[in-house]
Amino acid sequence: MKYISGLEWKRFILLTVAGIINAVGVTVFIAPVQLYDSGISGTSILLSQLTPDNWTLPIFLMLLNIPLFIYGLKKQGFSFTVYAIYAVVIYSVCAWLITDVLPVDVSIASPLAGTDLLLCALFGGLISGIGSGLAIRSGGAMDGIEVMAVIFSKKLGISVGTFVMIYNVALYIICGIVIKSWILPLYSIVTYGAALKTVDYIVEGIDHSKAATIVTLNADEVGRAISEEFKCGITVTEAKGFYSDESKTVLYVVLNRFQIVKMKEIVREKDPSAYISITEVADVFSAEK
């Protein structure tokens, strides 16, 4: 009950909108012309093309994404996992409605951009990027590969963005080999670039971890709450305000992008007067072997 009470209905509304937007971008622009989205979504499109007709895109979206989110439960927390699974379910259901229920023909061409690959790549990436970015801003995610990137990138000594990029490059190479053509995979890279920039704009720095510097008068409660929530280390430095001449404490903590919104909420709750500065961190590693 404690975990359930921490869920917010407003986030579910935003995640519903995010799932609908993402479904429109993929099913109306990307999939009809056989382009490939990034991450698990792109993998699902490829698998739906290679399997019998009853194995549709929505089925693969849930079969591949939901286990990854559950696997990341311990690392990302209960709330994030619930929000992410909900977003994927909405995305999958809306994709099914568009392709199989609504009177919209998306079988051989985009109903809005026709067979123009460039338009489909750009607008598909832009719209799906809005959906993915909104999902992250709402405390969830739209693609399980992002969670795997957060979990394994540090162990591999690479950034989250590099992990996702490697996965997508491998995916597009496989697509080119399977369909024996490189035109669609190359246009899919345009889709990926448009989506990545859109998400980057919405969530402000999707490819990097975030370093939070928190200046607070209530360091014990703020630090304890953050440490317990994210199971992370915090560097504590004693400081003094120049203008106020008050003794203060500076907390320095590095978090991933999914945790920033929750961190802000914790600090506001424990010390409304605290000052928070957030910067991008291009690389995070431990000197220990």
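Residues numbered from 1 in each chain as written. Predicted model: local features only at pLDDT ≥ 70, side-chain atom pairs only at ≥ 80, totals over all residues. Heavy atoms only, no water.

As for the sheet that holds strand 1 (residues 209-216)
Thought 1: Strand order in this open sheet of 4 strands is 2-3-1-4, and the pairing throughout is antiparallel. Sheet topology places strand 2 (235-240) and strand 4 (275-281) at the edges, where each strand pairs with a single neighbour. In this sheet, neighbouring strand axes are inclined to one another by 20 degrees on average, regardless of whether the strands run parallel or antiparallel.
Thought 2: Together, strand 1 and strand 3 (247-255) form the strand contacts of helix 11 (residues 219-230), whose direction differs from that of strand 3 by roughly 10 degrees. (Pairing = 2+ DSSP bridges. Helix = DSSP H or I, 4+ residues; strand = E, 2+ residues; numbered from the N terminus. Axes fitted to C-alpha atoms, helices over the stretch in contact; angles between N-to-C directions. Contact = heavy atoms within 4.5 Å.)

Structural notes on unusual backbone geometry
Thought 1: One non-glycine residue, Gln34, lies in the positive phi region at around 65 degrees.
Thought 2: Tracing the sequence through the fold places Gln34 in the loop between helix 2 (9-30) and helix 3 (39-50).
Thought 3: With relative accessibility at 43%, the residue Gln34 sits in the partly exposed group.
Thought 4: One non-glycine residue, Asp245, lies in positive phi territory at about 60 degrees.
Thought 5: Inspection of the secondary structure puts Asp245 in the loop between strand 2 and strand 3. (Buried < 20%, exposed > 50% of the residue type's maximum accessible area, 1.4 Å probe, protein only.)

Overview of a nonpolar patch on the surface
Thought 1: The grouping of Met165, Ile166, Val169, Ile173, Ile177, Trp182, Leu186 and Ile189 at the surface amounts to a nonpolar patch, some 770 Å² of accessible area in total.
Thought 2: Among the elements of the structure, helix 9 (160-179) and helix 10 (183-203) are those that each provide at least two residues to the nonpolar patch.
Thought 3: Broken down by element, the residue count for the nonpolar patch peaks at 5 residues, all from helix 9. (Patch = residues over 30% accessible without salt bridge, like charges linked within 9 Å, V, L, I, M, F, W, Y side chains within 5 Å. Areas by Shrake-Rupley, 256 points an atom, 1.4 Å probe, with all protein chains shown as cover. Salt bridge = Lys/Arg side-chain N within 4 Å of Asp/Glu carboxyl O.)

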